[in-house]
Amino acid sequence: ESDRDGARLRPAYRRWIPPVLIALLGVALALIFSLVIYPAIRQPLAANIDPDKIGDLASNLAEGRGFVYSGAGKFVPEFDRGPVYPAVVAGIMLLDGARSFIPVQVFQSLLHGLTCFAVFLLASKLHARRIALASEAVCSVHPMLIWYTARIWIETTHTLLVTVSLFSLLLLADRSTPRRAVASGVLLGLASLTKSILLPFSFVAGAVLLLRKGRQAVPAAAIMVIACLLVVLPWTGRNYLESGYFLPVHTSLGLNRVQGDAIGLNWTRMPFSTLDIWQVGKARIDSILEGTGATAVDPRGDRILTAASLRQSMEDPGFALKRTAVNLLTFCYMSESHAKSIFLACIQFPLFLCAFAGSYRLWKRAPLSEMGIVLLVFFFVVHAFVVGWARYSVPVVPVAIVLAFGIFPSPIRAVKNA
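Treat the numbers as computed from the prediction; the structure is a model and nothing was measured. (Residues numbered from 1 in each chain as written. Predicted model: local features only at pLDDT ≥ 70, side-chain atom pairs only at ≥ 80, totals over all residues. Heavy atoms only, no water.)

A. Spatial organisation of helix α2 (residues 17–41). Between the first and last C-alpha of α2 there are 34 Å, a value that for 25 residues agrees with the 36 Å anticipated at 1.5 Å per step. Its maximal kink placed at F33, α2 deviates by approximately 35°. Taken together, the buried positions of α2 are occupied by P19, I22, A23, G26, V27, A30, F33, S34 and Y38. (Helix = DSSP H or I, 4+ residues; strand = E, 2+ residues; numbered from the N terminus. Expected span 1.5 Å × (residues − 1). Bend = angle between axes of the 7 residues up to and from the residue. Buried < 20%, exposed > 50% of the residue type's maximum accessible area, 1.4 Å probe, protein only.)

B. Geometry of the packing of aromatic side chains. For the coordinates displayed, the defined rule picks out 15 aromatic pairs. Judged by centre distance (6.3 Å) and plane angle (40°), the ring pair of F117 and F120 falls under tilted. One end of the pair, F117, and the other, F120, are both in helix α5 (residues 102–124), 3 residues apart, so they sit about a helical turn from each other. On the accessibility criterion, F117 (23% relative accessible area) is partly exposed. Through a chain of ring-to-ring contacts, the aromatic side chains of F331, F352, F356 and F380 assemble into a single cluster. (Phe/Tyr/Trp six-rings, centres within 6.5 Å; stacked < 30°, edge-to-face > 60°.)

C. Here's a closer look at the confidence of the model for the protein. Averaged over every residue, the pLDDT of the protein is 91; residues scoring 70 or more account for 94%. In the predicted structure, residues 1–7 sits below a pLDDT of 50 and forms 0 contacts with residues beyond four places in sequence or in another chain. (pLDDT = per-residue confidence, 0-100. Contact = heavy atoms within 4.5 Å.)

D. Summary view of the packing of helix α8 (residues 155–174) against helix α17 (residues 369–385). Direction vectors running N to C along α8 and α17 enclose 145°, while the axes themselves pass 9 Å from each other. Here α8 contributes H158, V162, L166, L169 and L170 to the contact with α17, which in turn contributes M371, G372, L375 and F379. Taken together, the residues of the contact of α8 with α17 sort by class into 7 nonpolar, 2 polar and no charged. (Axes fitted to C-alpha atoms, helices over the stretch in contact; angles between N-to-C directions. Nonpolar A, V, L, I, M, F, W, Y, C, P; charged D, E, K, R; others polar.)

E. Local environment of the pattern of salt bridges. In this structure the tally under the stated criterion is 10 salt bridges. Across the salt bridge formed by E155 and R391, the nearest N and O atoms sit 3.1 Å from each other. Of the two residues, E155 is situated in helix α8 and R391 in the loop between α17 and α18 (397–404); the sequence distance between them amounts to 236 residues. An identical accessibility class is assigned to E155 and R391; each is buried. For R323, the salt bridge identified is with D261, shortest N-O distance 2.9 Å. With a gap of 62 residues between them, R323 in helix α15 (residues 317–330) and D261 in helix α12 (residues 253–266) connect regions that are remote in the sequence. Overall, the relative accessible area of 4% leaves D261 in the buried class. Three or more residues joined by partner-sharing salt bridges are found here, namely D52, D80, R81, E155 and R391. (Salt bridge = Lys/Arg side-chain N within 4 Å of Asp/Glu carboxyl O.)

F. How the structure looks around the environment of R179. With respect to the secondary-structure elements, R179 resides in helix α9 (residues 178–194). For R179, a relative accessible area of 73% corresponds to the exposed category. Along the sequence, R179 and A220 sit 41 residues apart, while their C-alpha atoms lie 8.9 Å from each other.

Right under this line is the structure:
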């Protein structure tokens, strides 16, 4: 009997070996880059490991001072970050005890492997198995995904949460049960608390679900959105109590809008360097906030900057169209240096072009693909409206990889309830 059971189980067991090995390959490549290559290139490239001071924020959180940065001996609540990633880094610091970034890099390498495996699951809902494995393999070696495993930035954590959230939404679209709706909402909430862009997408996803399944999907869509909002609400309450402003997750909309304006105004003179344009945008931010007593990252300063940027666009619709079009373009490639921007252009433009071409084919033969297509379009549109840095395209790279394989004709073999 045991032999018969073993024979029955062995094929299912072996079926998971290739995707697990590919995921482990992703982990190995990320570890090699983070622990061997990145330390060697960090100084020549002036690649600060923690440019957003997440380590300082996490250290204060771990030591019980709260969600604050260190500065001049006083600690004041901060509002420019969502809580998930700093809390993750703080947790690793507590476990490590040495406040070293190496355990964070190791952890992020593991997250990269999980993202690769999630890509296999996601692709299995839309493609034949061999295409799903190919999608996972491309994800495991993608330079941008590996690059961010070495940096103390939100991208690796956010990418995993975006990919897993999309997979949960595909499962929900396939079978709209309350349990799946809650799971999707919680994942979207956690992703939103990492970076707020996924918060409005929860409403978009609900609308897609309703368009796909009609009135029978109303309970599932409502549960999903409510679950997402319930995850986010405690942090929104914290922000209101600390600042007196309604701030769902974090500030920086105004700062990024002004930087997006700077891209639109200066792209023809500075097409390949975020650092050059950043200085132009920073000067504009300082000019807008001069005499207000506000900063670019506090809630009041955020509102002032957002209002100034929107006013400029409303007064000059031609400029608004131009800056949106330019940011749509720079979202694919623009980085800190000419060399890095050109390199990203060479890998990202083909990927996204194939993704949109593949989306057209998948839309016809794999209805579940519509949620991923809408997510990709959503990221492009929102960042064109706000700011188009290539860094912000990273969370949808796995989704783009899956959609890009839609250009190849293949039979669809969905993995039900994978």
